[in-house]
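# Structural characterization, general
One letter stands for each residue in the lines below.
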Amino acid sequence: MSSILNDSPKIIARHFAASGAIPNHPRWPLLVYPGVVAAATADLAAAFEDLFDRNHWPAAWRNGIYPFHHYHCDAHEVLGVYCGEVTAQFGGEDGIVVTARRGDVLVLPAGTGHKKLSSRGALGIVGAYPAGQHPDMCTPLLSRLKQSTAAIARVALPQRDPLYGVDGPLLAYWK
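What this report covers is the structure whose coordinates are included nearby.

Conventions we followed
Residues numbered from 1 in each chain as written. Predicted model: local features only at pLDDT ≥ 70, side-chain atom pairs only at ≥ 80, totals over all residues. Heavy atoms only, no water. Phe/Tyr/Trp six-rings, centres within 6.5 Å; stacked < 30°, edge-to-face > 60°. Helix = DSSP H or I, 4+ residues; strand = E, 2+ residues; numbered from the N terminus. Buried < 20%, exposed > 50% of the residue type's maximum accessible area, 1.4 Å probe, protein only. Lys NZ or Arg CZ within 6 Å of the ring centre and 35° of its normal. Contact = heavy atoms within 4.5 Å. Polar contact = N/O pair within 3.5 Å; in protein donor to acceptor, adjacent residues only side chain to side chain. Core = buried A, V, L, I, M, F, W, Y, C linked by side-chain atoms within 4.5 Å. Disulfide = S-S within 2.5 Å. Arc of directions from axis to C-beta. Pairing = 2+ DSSP bridges.

Turning next to the packing of aromatic side chains. Under the criterion given, the structure shown has 3 aromatic pairs. Each ring, one from W28 and one from W174, has its centre 5.4 Å from the other, and the planes form 5°; the classification is stacked. Here W174 lies in the segment after α3 (169–173) and W28 lies in the loop between β1 (12–14) and β2 (30–33), a separation of 146 residues in the sequence. Assigned by exposure class, W28 and W174 land together as buried. A centroid spacing of 5.1 Å and a plane angle of 25° characterise the contact between Y66 and F68, whose relative ring orientation is stacked. A relative accessible area of 36% places F68 in the partly exposed class. Geometry around W28 places R27 over its ring, the cationic atom sitting 4.9 Å from the centre. Positioned above the aromatic ring of Y82, the side-chain terminus of R62 is 5.7 Å from the ring centre.

So this is what it looks like as structure tokens:
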């Protein structure tokens, strides 16, 4: 299964300051792994689930991205695009817009705001969280920024990169 992974992934890292009622993570950046998994893989959703599970990020769902700003105070999140294309905003209104395609992976540290702006084709995303972490659902309308920021800072560093395991690039970016 590891042969479907790009051996030398290009990583895009973006750190965000708090944006309005979205806290974002105080230390760790959003990581974008473009084209990291071979898009020609027959069952890419199952391949993402296997990779995430093997690296202690149990696959939690298949769906899309909510079309409103939200974040998780008590869990990091990985998104693997297995079908279609999504344009999403990360970091709140002051953040960045990313278009992710089949084979792309995004890793969001706890607190990172995200929302779908648009999609093309039948969008399919596998989502997962590090073992033992259970995501809450926070939105700017219900945000308590001070409490959220404190909760986010307590979320532990994952033991493994969701794709590459103990030697993965996430651990270098999130030290």
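What follows continues from the structure just given.
What follows deals with the environment of F16. Mapped onto the fold, F16 is located in the loop between β1 and β2. Residues F16 and R27, 11 residues apart in the sequence, show an inter-C-alpha distance of 8.9 Å. With sequence-adjacent residues up to four places away left out, F16 is seen in contact with N24, H25, L30, F90, G91, G95, I96 and T112.

What follows deals with the environment of H72. Of note, H72 is situated in the loop between β3 (59–63) and β4 (77–90). C-alpha of H72 to C-alpha of T112: the two residues are 40 residues apart in sequence and 7.2 Å apart in space. Those residues within four positions of H72 in sequence are excluded, and the remaining contacts are E77, A110, G111, H114, Y129, P135, D136, M137 and I152. At a separation of 3.2 Å, a polar atom in the side chain of H72 contacts the side chain of E77.

Counting residues in each nonpolar core, the largest one holds 24 residues, and the members touching the most others are Y33, V37, F48, F52, V105, V107 and L163. If you list the elements that add at least two residues to this core, you get β2, α1 (44–54), β4, β6 (105–108) and β7 (114–128). Sorting elements by how many residues they give to this core places α1 first, with 6 residues. Setting aside residues up to four positions removed in sequence, V105 forms contacts with L31, V32, Y33, V36, F48, V78, L79, G80 and L163. In this structure, V81, I96, L106 and I125 belong to the second largest nonpolar core, which totals 15 residues.

Tallied over the full model, the rule gives 0 disulfides. Among the cysteines around C73, which has no disulfide bond, C138 carries the closest sulfur, lying 3.4 Å off.

Moving on to α1. Those residues of α1 lying buried are L44, A45, A47, F48, L51 and F52. Along the axis of α1, the buried positions cluster into a sector of 160°, meaning they face one direction only. Check the buried side of α1 and you find it contacts β3, β4, β6 and β7. H56 lies just past α1 and shows a positive phi near 65°.

Turning our eyes to something else, we now look at the pairing of β6. Consecutive side chains of a regular strand alternate in pointing toward one face of the sheet and then the other. Of the two faces of β6, both are covered, the one formed by V105 and V107 as well as the one formed by L106 and L108. Sheet topology note: the β2/β6 ladder contains 3 bridges and is antiparallel. Its bridge partner being in β6, L31 is matched across the sheet by V107. Of the strand pairs in this sheet, β4 and β6 are connected by 4 bridges, and their pairing is antiparallel. Within β6, the position partnered with V78 by the bridge is V107.

With respect to the helices and strands, the residue A38 is situated in the loop between β2 and α1. On the accessibility criterion, A38 (34% relative accessible area) is partly exposed. Considered as a pair, A38 and I96 are 58 residues apart in the sequence and their alpha carbons are 25 Å apart. Beyond its immediate sequence surroundings of up to four residues, A38 is in contact with I4 and L44.

Without other data, these values stay purely geometric and don't point to any function.
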